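Single-letter residue listing:
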Amino acid sequence: MKKKYIAAAAAAMMVLGALTGCGSGRDIGRDAALEAALNDAGVNESDTTRLKVSEDRDDGRKIYEIRFDVAEKEYDYEILASDGSVISSDIETNENYAAPSDGTASQNGTAAQDGAAGQNNTSDTNSAQSQNSAQGNSGASSNTQQNSGAGNANVAISMEDAIGIALARVEGATEQDIRIELDYDDGRYKYEGEIIHEMIEYDFEIDANTGTILEWSVERD
């Protein structure tokens, strides 16, 4: 009888081990998952911007969600953690992409933020910013677009200034790391966008007439 119990216990452990293996399995790790996605895309990590790797589960399986940009291409991958196989891949083209500038947006970030803080001091300041809005909203940044619902809005804060305000909050980020658009919602114009820098995603909303940051959230995996 004792031998039967031992045999039954051993069999139960084998079944449990098999089920556990199916549920979690071998994990290749983030670096290997990223390498699998890059190899499938045929690009080098040094060529990417807005790179982010996060973990998730799908049908009981652990997966890595990987997103990155290379020039005008935006890549989204799901990689199976157990063996590095590609579950899904999606490639989109950013139609508003243009070759990046020399980083003037990030260099002017602090100045733009300071300017926004003193927005209401003089009418001359608002007038100058309104004149600059046409250039900012035309897509001067490589990663910007204007929401069709905003039309040719006459706003006090140009898109370039909004980029500077946002980038000033993320040390080391450049305009290649940002996506931003002008939108009209709840009776006000605002810039909505995201920054992905060093695997961290920042989502924001900025008032297009005062430069006030309405929303700011940070997502770490």
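The model shown is predicted, which means the values in this text are computed figures rather than measured ones.

Rules of the game
- Every chain is numbered on its own, with residues counted from 1 as its sequence reads.
- Local features in this predicted model are restricted to residues of pLDDT 70 or higher, and side-chain atom pairs are both shown and tallied only at a pLDDT of 80 or more, whereas totals for entire chains, interfaces and linings draw on every residue.
- Note: side-chain values were computed over all heavy atoms of the structure, leaving out hydrogens and water.
- Strands here are runs of E lasting at least two residues and helices are runs of H or I lasting at least four, both read from the DSSP assignment and numbered beginning at the N terminus.
- Classification of residues uses two cut-offs on accessible area relative to the type maximum, computed with a 1.4 Å probe and protein chains only: under 20% is buried, over 50% is exposed, and between them is partly exposed.
- Whether two residues are in contact is decided by their heavy atoms: any pair within 4.5 Å suffices.
- For the area figures, the Shrake-Rupley method with a 1.4 Å probe applies, and any residue is considered shielded solely by the protein chains shown.
- Any two strands with at least two DSSP-identified bridges between them are counted as paired.
- Note on method: axes are straight lines fitted to C-alpha atoms, helices fitted across the in-contact stretch only, with angles between N-to-C directions ranging 0 to 180 degrees.
- Among buried residues, the Ala, Val, Leu, Ile, Met, Phe, Trp, Tyr and Cys ones that are joined through side-chain atoms within 4.5 Å form a nonpolar core.
- What pLDDT expresses is the predictor's confidence in each residue, scored from 0 to 100.
- One speaks of a salt bridge when a side-chain nitrogen belonging to Lys or Arg is within 4 Å of a carboxyl oxygen belonging to Asp or Glu.
- Two N or O atoms count as a polar contact when they lie within 3.5 Å, although within protein this holds only if one can serve as hydrogen donor and the other as acceptor, and sequence-adjacent residues are included solely when both atoms are side-chain atoms.
- Under the pairing criterion, centres of Phe, Tyr and Trp rings, with the six-membered ring standing for Trp, must be within 6.5 Å; the plane angle then separates stacked pairs below 30 degrees from edge-to-face pairs above 60, leaving the rest tilted.
- Placement of a positive charge over a ring is assigned whenever Lys NZ or Arg CZ falls within 6 Å of the ring centre and within 35 degrees of the normal to the ring plane.

Examining the overall build of the protein chain
Stage number 1. What the protein chain contains, in helices and strands, is six helices and nine strands.
Stage number 2. The 221 residues of the protein chain split such that 38% are buried.
Stage number 3. The long-range share in the protein chain, meaning contacts at least 24 apart out of those at least 6 apart in sequence, stands at 49%.
Stage number 4. Carbon and sulfur atoms make up 45% of the accessible area of the protein chain, which totals about 12,200 Å².

Overview of the sheet that holds strand β3 (residues 73-80)
Stage number 1. A sheet is described by the order of its strands in space; here four strands give the open sequence β1-β2-β3-β4, paired in antiparallel fashion. Each edge of the open sheet is held by one strand with a lone partner, namely β1 (49-58) and β4 (86-93). Strand after strand, the sheet turns through a mean of 15° between neighbouring axes, direction not considered.
Stage number 2. One ladder, built from eight bridges, connects strand β2 (residues 61-70) with β3; its direction is antiparallel. Bridging across to β3, Ile66 finds its partner in Tyr77.
Stage number 3. Where helix α2 (residues 30-41) meets the sheet, it contacts β1, β2, β3 and β4, and its direction lies at approximately 50° from that of β2.

Considering the nonpolar core
As a rule of thumb, soluble globular proteins bury nonpolar side chains together.
Stage number 1. Counting 21 residues, the largest nonpolar core has Ile178, Ile180, Tyr191, Ile195, Phe204 and Ile206 as the members making the most contacts within it.
Stage number 2. Elements with a contribution of two residues or more to this core: α6 (159-167), β6 (178-185), β7 (188-197) and β8 (200-207).
Stage number 3. Of the residues forming this core, the biggest block, six residues, is contributed by α6.
Stage number 4. Not counting the four nearest positions on each side in its chain, Phe204 is found in contact with Ala166, Ile178, Arg179, Ile180, Tyr191, Glu192, Gly193, Glu194, Ile195, Glu215 and Trp216.

So, the confidence of the model for the protein chain
Note that predicted coordinates carrying low pLDDT should not be read in detail.
Stage number 1. Averaged over every residue, the pLDDT of the protein chain is 79; residues scoring 70 or more account for 64%.
Stage number 2. In the model, residues 15-23 has pLDDT below 50 throughout and makes four contacts with residues more than four positions away in sequence or in other chains.
Stage number 3. For residues 103-142, every residue scores under 50 in pLDDT, and the model assigns this stretch 63 contacts once sequence neighbours within four places are set aside.

Re the pattern of salt bridges
Stage number 1. This structure, assessed with the given rule, holds 15 salt bridges.
Stage number 2. For Arg30, the salt bridge is made with Glu55, and the minimal N-O distance between the two is 3.3 Å. With Arg30 in helix α2 and Glu55 in strand β1, the pair connects residues that are 25 residues apart, well separated along the chain.
Stage number 3. Given the relative accessible area of 30%, Arg30 is considered partly exposed.
Stage number 4. Here Glu55 falls in the partly exposed class, since its relative accessible area comes to 35%.
Stage number 5. The salt bridge partner of Glu201 is Arg67, with a shortest N-O separation of 3.4 Å. Taken as a pair, Glu201 in strand β8 and Arg67 in strand β2 lie far apart in primary sequence, 134 residues in all.
Stage number 6. Take Glu201: its relative accessible area is 8%, and that puts it in the buried class.
Stage number 7. Via salt bridges that share partners, Arg50, Lys52, Arg67, Asp69, Glu74, Arg179, Glu194, Glu201 and Glu219 belong to a single interconnected network.

Quick word on the environment of Arg50
Stage number 1. Residue placement: Arg50 occurs in strand β1.
Stage number 2. The class for Arg50 is buried, based on a relative accessible area of 5%.
Stage number 3. For the pair Arg50 and Ala173, spaced 123 residues apart in sequence, the C-alpha to C-alpha distance is 9.7 Å.
Stage number 4. Sequence-distant contacts of Arg50, that is, excluding residues within four places in its chain, are made with Arg67, Phe68, Asp69, Gln176, Asp177, Ile178, Arg179, Glu194, Ile195 and Ile196.
Stage number 5. At 3.0 Å, the side chain of Arg50 forms a polar contact with the backbone oxygen of Asp177.
Stage number 6. In terms of polar contacts, Arg50 uses its side chain to reach the side chain of Glu194, at 2.5 Å.

Things to note about the packing of aromatic side chains
Stage number 1. Going through the model one piece at a time under the given rule, you end up with five aromatic pairs.
Stage number 2. Between Phe68 and Tyr77 the ring centres are 6.2 Å apart and the planes differ by 15°, which places this aromatic pair in the stacked class.
Stage number 3. Between the aromatic rings of Tyr184 and Tyr189, the centroid separation amounts to 4.6 Å while the plane-to-plane angle is 55°, which identifies the pairing as tilted.
Stage number 4. Note on Tyr184: relative accessible area 42%, which makes it partly exposed.
Stage number 5. Classification of Tyr189 by relative accessible area gives partly exposed; the value is 23%.
Stage number 6. Among the aromatic residues, those joined into a ring-pair cluster are Phe68, Tyr75 and Tyr77.
Stage number 7. Arg169 extends its terminal NZ or CZ atom over the ring of Trp216, reaching a point 4.5 Å from the ring centre.

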